[in-house]
Amino acid sequence: MHQPAPSADPRHRTIEAPAGRLHLVEQGTGPLVLLVHGFPESWYSWRRQLPALAAAGYRAVALDVRGYGRSSKPAATDAYRMLDLVADNVALVRALGEERAVVVGHDWGSNIAAASALLHPEVFRAVGLLSVPYAPPGGPRPTEVFARMGGDQEFYVSYFQEPGRAEAEMEPDLRGWLAGFYAAMSADTMPTQGEPDPHFVARAGGRLRDRFPAGKLPAWLTEEDLDVYAGEFERTGMTGALNRYRSMDRDWEDLARYGGAPIEQPSLFIGGALDASTTWMADAIAAFPATLPGLTSSHVLDGCGHWIQQERPEEVNRLLTSWLASLPG
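A quick note: this is a predicted structure, and the numbers were derived from the prediction, not measured.

(A) Structural context of the pairing of strand β3 (residues 32-36). Within β3, five of the five residues are buried, leaving the element largely enclosed by the surrounding structure. Residue alternation in β3 divides its side chains into two sets, Leu32, Leu34 and Val36 and Val33 and Leu35, and both sets are buried. When β3 meets strand β4 (residues 59-63), the two strands line up parallel, connected through five bridges. Each bridged residue has a counterpart across the sheet, and for Leu32 the counterpart in β4 is Arg59. Each parallel crossover has a hand, and the one from β3 via helix α1 (residues 49-55) to β4 is right-handed. As judged from the four bridges shared by β3 and strand β5 (residues 101-106), these two strands associate in the parallel manner. Among the inter-strand pairings, Leu34 is bridged to a residue of β5, identified as Val103.

Okay, structure coming up:
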C-alpha cells in the first residue's frame, strides 16, 4: 500500500512525442498512472480523478490525445491510427522518466489503453477500462459491420466516416452540440425507452443533434465545465477527434496479427448499466475470463450512463484507488 502523498496543484506541461507535441496535466508523486480520455473530451474529463489519485500516493497524468486540446493535430487521417496513439503513450511514459505505468482509459481511451497494454506489456503493467470493454482484434472489417447496423437509419460511426460531413453539423454551434451529445448519453438526461436513439441518424439529411435532449444539462456538467470543453474544440475544430473513427479499418489491418489475443496484465473494468457501450457489448464482458485473464475488478454501476468518471466520480475514485492498491509493486 502506497502512503498518501500531499496533493499539490495540477501542473500543465508539454512533451515531445510522435504526434509532435502532447499536452498533459500531472498531479501527485508515486507510481505513474496514465489517464486517456475519449470522444469528445480532453484531459479535463479526469479533473475529479487527478487529485484523488495524487492523494492516494500516485503520479496521475491526464493527457490530451493527439488531435485534441493543446496536443498536436496532424493533418493526415491515417495519423490517428491506433499504432500511432499507442506510440504516443509509450513516448509519454519515457518522457516522464518512467519505465512502467498503469494505463486507464475511458471510451476511445479504453480502446487506446487496451491496445497499449496488448502491444507493450513491458511498459504498461496494468490496464483499467472505463465504459468500453475489451474486445480482441479480429472479426469483420469495422466499417462493413457498422454499415449493416440500423436498417433504414445510419449508425453514428458510419455517419462520422466521410471527412467534413459530421464537422458541418457540429462546428457551427460546438457548445450546443457538445451539450446535447453529453446529455444524450448521461443517465439523468438520456432519451427514455421508445424515444429515437441518438446513436443513429435518419438517412435522408438527418443529423445526430435532431435526437439530442434539448435545454437541460446533466447533473455532472456545469456551464463552466461546458465552457472548458467547448473552448478546446472551438480552437481545434472536430476533425482531429473524428479522425479516430476514420482510422478503424486501418487499425483492423494493423492489428490483425493480434487477432483474438488476450491482455494478460492485471485489469479493471467499470461500466454504466445504462450505457449502450455496456449493453451492446455484453458478449465482450461475458468473454472477459478468456480475453482479460488478469481481470481482478469488474463493476457495472446501476443507474449510470456513459460519462462514468464524471457522473460517478466518488465511486469511480474508490474503485480505481482500491484496484491500484491491490496491484503488485
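(B) Fine view of the pattern of salt bridges. What the rule picks out here adds up to 21 salt bridges. For Arg165, the salt bridge is made with Glu154, and the minimal N-O distance between the two is 2.8 Å. Of this pair, Arg165 sits in helix α6 (residues 165-170) while Glu154 sits in strand β7 (residues 153-155), and the two are 11 residues apart along the sequence. Since its relative accessible area comes to 28%, Arg165 is described here as partly exposed. Taking the shortest distance from any N to any O, the salt bridge between Arg246 and Glu167 comes out at 2.9 Å. Pair noted here: Arg246 is in the loop between α9 (239-242) and α10 (248-254) and Glu167 is in helix α6, with a separation of 79 residues, a long-range link. Each member of the pair, Arg246 as well as Glu167, carries the same accessibility label: buried.

Cut-offs and rules
Residues numbered from 1 in each chain as written. Predicted model: local features only at pLDDT ≥ 70, side-chain atom pairs only at ≥ 80, totals over all residues. Heavy atoms only, no water. Buried < 20%, exposed > 50% of the residue type's maximum accessible area, 1.4 Å probe, protein only. Helix = DSSP H or I, 4+ residues; strand = E, 2+ residues; numbered from the N terminus. Pairing = 2+ DSSP bridges. Right-handed = clockwise from strand over helix to strand, strands pointing away. Salt bridge = Lys/Arg side-chain N within 4 Å of Asp/Glu carboxyl O.

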